[in-house]
Amino acid sequence: MTPVTRQEVLGLYRKIFRIAKKWQSASGQIEETIKEKEYIKNEAKTLFRKNKNVTDSKLIKQCIEECEARIEIGLHYNIPYPRPGGYSCMTPTNSLMKHKDFVSHQRKSLSPIAPSACGVNDVDCAF
């Protein structure tokens, strides 16, 4: 990993933790906010550690782009959990994403290693 790429990855990691520190749940409930903050931090730690051995510069760039996209989607929709693939924004199923069982089901149904080139998808990129 080049020094520039390393700085970029570390910058993303710090950005995620800054987002988690300021995060407010959509419901506004303190318990929900705390749970979502912990989810963001744990997800970042897990996924960055999992991908720390990726060495190919093209794959690293792809992972960085996917991570940035997941951050933007999370901030836009105010949902820290990964959006299920294949659903549009207008799909009624998206209203279920905040339901704990649905999110848990989606996380279990999505493989931790995606078929994409770097081995990560929107679930594997931290946010």
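Reading guide: rules and limits
Residues numbered from 1 in each chain as written. Predicted model: local features only at pLDDT ≥ 70, side-chain atom pairs only at ≥ 80, totals over all residues. Heavy atoms only, no water. Helix = DSSP H or I, 4+ residues; strand = E, 2+ residues; numbered from the N terminus. Buried < 20%, exposed > 50% of the residue type's maximum accessible area, 1.4 Å probe, protein only. Contact = heavy atoms within 4.5 Å. Areas by Shrake-Rupley, 256 points an atom, 1.4 Å probe, with all protein chains shown as cover. pLDDT = per-residue confidence, 0-100. Phe/Tyr/Trp six-rings, centres within 6.5 Å; stacked < 30°, edge-to-face > 60°. Polar contact = N/O pair within 3.5 Å; in protein donor to acceptor, adjacent residues only side chain to side chain.

Considerations on the overall build of the protein chain
And step 1. If you tally the helices and strands in the protein chain, you get four helices and zero strands.
And step 2. For the protein chain, the sequential pattern of α-helices and β-strands runs α-α-α-α.
And step 3. For the protein chain, with 127 residues in total, the buried portion stands at 39%.
And step 4. Counting contacts in the protein chain only where the partners sit at least 6 residues apart, residues at least 24 apart contribute 66% of the total.
And step 5. Element-wise, carbon and sulfur atoms account for 57% of the exposed surface of the protein chain, whose accessible area totals about 8000 Å².

Focus: the confidence of the model for the protein chain
Do not read the predicted coordinates in detail wherever pLDDT is low.
And step 1. Looking at the protein chain as a whole, its pLDDT mean stands at 77, while 66% of the residues score no less than 70.
And step 2. Scored below 50 in pLDDT, residues 87-97 shows 18 contacts in the model against residues more than four places distant or in partner chains.
And step 3. Throughout residues 106-123 the model reports pLDDT below 50, and contacts reaching past four residues in sequence, or to other chains, amount to 36 contacts.

As for the packing of aromatic side chains
And step 1. What the rule picks out here adds up to three aromatic pairs.
And step 2. On the numbers, 4.9 Å between centres and 50 degrees between planes, the contact of Y13 with F17 is tilted. Of this pair, Y13 and F17 both sit in helix α1 (residues 3-22), four residues apart, roughly one helical turn.
And step 3. F17 gets classed as partly exposed once you look at its relative accessible area, which sits at 23%.
And step 4. Three or more aromatic residues joined by ring pairs make a cluster, and in this case those are Y13, F17 and F48.

As for the side chain of S25
And step 1. Within the element layout of this structure, S25 appears in the loop between α1 and α2 (30-50).
And step 2. The exposure class assigned to S25 is buried, which follows from its relative accessible area of 5%.
And step 3. Within polar-contact distance, the side chain of S25 engages the side chain of T33 at 3.1 Å.
And step 4. Leaving out residues up to four positions away in the same chain, S25 has contacts with E32, T33, E36 and N78.

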